[in-house]
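# Chains, contacts and geometry: an overview
This is what each chain is made of:
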Amino acid sequence: MLDMKLIRENPEILTEALKRRHSHIDLTEFHANDRLRRELLIEVEALKNRRNEFSRVIGERKRNKQDAGDLITEMQVVSSRIKELDEQLQACEDTLNAFLLETPNIPLPDVPDGAGEQDNVEVRRWSEPRSFDFQPQAHWELGEKLDILDFERGAKLAGARFTVMKGAGALLERSLINFMLDLHTGKHGYKEIFPPFLVNADAMTGTGQLPKFEEDLFKTTMGYYLIPTAEVPVTNLHRDEILTDEELPICYTAYTACFRAEAGSYGRDTRGLIRLHQFNKVELVKFTRPEDSAAELEKLTTDAEEVLQLLGLPYRVMALCTGDLGFSSAKTYDIEVWFPQQGQYREISSCSCFTDFQARRAGIRYRPAPGRTEYVHTLNGSGLAVGRCLAAILENYQTADGSVIVPEALRPYMGIDSI
RNA sequence: GGAGAGAUGGCCGAGUCGGCUGAAGGCGACCGCCUGCUAAGCGGUUAUAGUGUCUAAUGGGCGCUAUCGAGGGUUCGAAUCCCUCUCUCUCCGCCA
């Protein structure tokens, strides 16, 4: 959510931002409603002021056993007028609020301009894709032949876009989760969180999934939402709180399962582990002072990169352009890992700075100085998507006979050196 | 699932038959005084948001409005009365 004052006083900033995002939102109605709101507010508050004063007088007279009938009659009229105005004001604020909830964040100045994915900019690249002296197989083929991935039975149990991990596959998944959590809590200093996987609508609104992206979410009959990422419960941990200056930055890491409806991606990545309705992810979340968020995003990204480095998986880092930027994000780096069978880099982590956009929605503030409050900046990134990481390991570490070497860093967790 | 109790400021905790309670009192925290130091003691400060106006070093000054779990109702007026919902606690039942 953006600052109403900013839109009021510097509408050109938002206009410019929307243009960079290739998004078309008309501000005329907003400005009209904003003016109307303040007019109504001035009128109704003046009346309420009168009502309060007269109530005091009425109270005094009653105590002194004096008649207050004349004032009460007058106040009846005032009160009914207040009620009318309050209703108009409410309607006006609902409209403004709906607008704010559906307006995307303003990209940071250093975000490259562009219309879509093709305009993203490569920032850096780590290691070189390995050259194969045989035809590399896709991870789903390897997984099925090794009997560690079972898509058929996943479909039997739940449907398309579900899988079952078995034996060394399940062990590898679990080892990756532990490996990532150990790295982030140990070396990088994040605090581990294990949150609920189901949350309420308020939490989903706080981080920006609702109201705009409801169709991407699974919802239970009881009204709970399944989390699409740990970002939701972990960021909302501090919803409606005022943090102290000293405790910032707060850095959390969390393993959760993630659930996505994947509406609108029907034909894409129908095979393998790339796009499932349920997948595991280790997430990194930070709450920072505004002035620190840019540097913290860089650190968060390199923290995520280190997972791939330790696993020996080639990757590149992309700066998303304005046209590809997520709704709530002000700046995003995607980390893309190499998939030999597809011959391309695929997203395995998305690291974003949301500036105060989520914090304003979720009411997450801090005290920069005694007596003052300010919104924090929130950041998050995958560190990493576990299933995609497993897939990348299978493909990059496969051998000619179809077995898979276990990366050095995972051997203490796996207890075996090949699958 | 059944029965009961409760939800007030950073925390604890008062709020009588609705009226000067944004909210007593205490604790904590901060500032100042005192003290050789510490402690004790004394004085003061200590919620958030919206909005008007003034000054304009955008940081405030002076006002107003709202908020006592959330929403609605009664009333000239509600933390106080009524309804709905949410959450917490206790006991019973069930259950990984």
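Quick caveat, the model's predicted, so the values are computed rather than measured.

## Quick word on the nonpolar core
In this structure, Leu 176, Met 180, Leu 311, Leu 313 and Leu 410 are the most contacted members of the largest nonpolar core, which totals 57 residues. Non-local contacts of Leu 410, meaning those with residues more than four positions away in its chain, are made with Leu 172, Ser 175, Leu 176, Phe 179, Leu 311 and Ile 393.

## Here's the deal with the environment of Asp 119
With respect to the helices, strands and loops of the structure, Asp 119 is situated in the loop between helix H4 (69–102) and strand S1 (121–126). Distance from Asp 119 to Leu 320, taken between C-alpha atoms, is 7.8 Å for residues 201 residues apart in sequence. Excluding residues within four positions of it along the chain, Asp 119 makes contact with Asp 113, Gly 114 and Cys 321. Polar side-chain contacts of Asp 119 include one of 2.7 Å to the backbone nitrogen of Ala 115.

## Re the side chain of Arg 37
Structurally, Arg 37 is set in helix H3 (residues 28–63). Arg 37 gets classed as buried once you look at its relative accessible area, which sits at 17%. A distance of 3.0 Å separates a polar atom in the side chain of Arg 37 from a polar atom in the side chain of Glu 93. Excluding residues within four positions of it along the chain, Arg 37 makes contact with Arg 8, Leu 89, Cys 92, Glu 93 and Leu 96.

## Some points on the packing of H3 against H4
Angle between the axes and distance between the axes are the two parameters that describe a pair of packed helices. At a closest axis distance of 8 Å, the pairing of H3 and H4 adopts a crossing angle of 150°. On the basis of their axis angle, the class for H3 and H4 is roughly antiparallel. Once H3 is placed against H4, the crossing between them reads as left-handed. In terms of residue class, the contact of H3 with H4 is made up of 20 nonpolar, 4 polar and 14 charged.

## Digging into the protein's contact with RNA strand B
Lining the immediate surroundings of RNA strand B are 25 residues, of which Arg 63, Gln 76, Arg 365, Arg 367 and Thr 373 lie closest. What you see for RNA strand B is that sugar and phosphate hold 75% of its atoms within 4 Å of the protein. Within the side chain of Asn 49, one N or O atom sits 2.8 Å away from a sugar or linking oxygen of RNA strand B. Interatomic distance of 3.2 Å between a backbone N/O atom of Ser 55 and a base nitrogen of RNA strand B. Elements represented by at least two residues in the surface near RNA strand B include exactly helix H1 (4–9), H3, H4 and strand S13 (364–367). Broken down by element, the residue count for the surface near RNA strand B peaks at 14 residues, all from H3.

The rules behind these values
- Residues numbered from 1 in each chain as written.
- Chains lettered and ligands numbered in written order.
- Predicted model: local features only at pLDDT ≥ 70, side-chain atom pairs only at ≥ 80, totals over all residues.
- Heavy atoms only, no water.
- Core = buried A, V, L, I, M, F, W, Y, C linked by side-chain atoms within 4.5 Å.
- Buried < 20%, exposed > 50% of the residue type's maximum accessible area, 1.4 Å probe, protein only.
- Contact = heavy atoms within 4.5 Å.
- Helix = DSSP H or I, 4+ residues; strand = E, 2+ residues; numbered from the N terminus.
- Polar contact = N/O pair within 3.5 Å; in protein donor to acceptor, adjacent residues only side chain to side chain.
- Axes fitted to C-alpha atoms, helices over the stretch in contact; angles between N-to-C directions.
- Parallel < 35°, antiparallel > 145°, perpendicular 65-115°, else oblique.
- Left-handed = near helix turned anticlockwise from the far one by under 90°.
- Nonpolar A, V, L, I, M, F, W, Y, C, P; charged D, E, K, R; others polar.
- Near = heavy atom within 4 Å.

In short, geometric facts, not functional conclusions.
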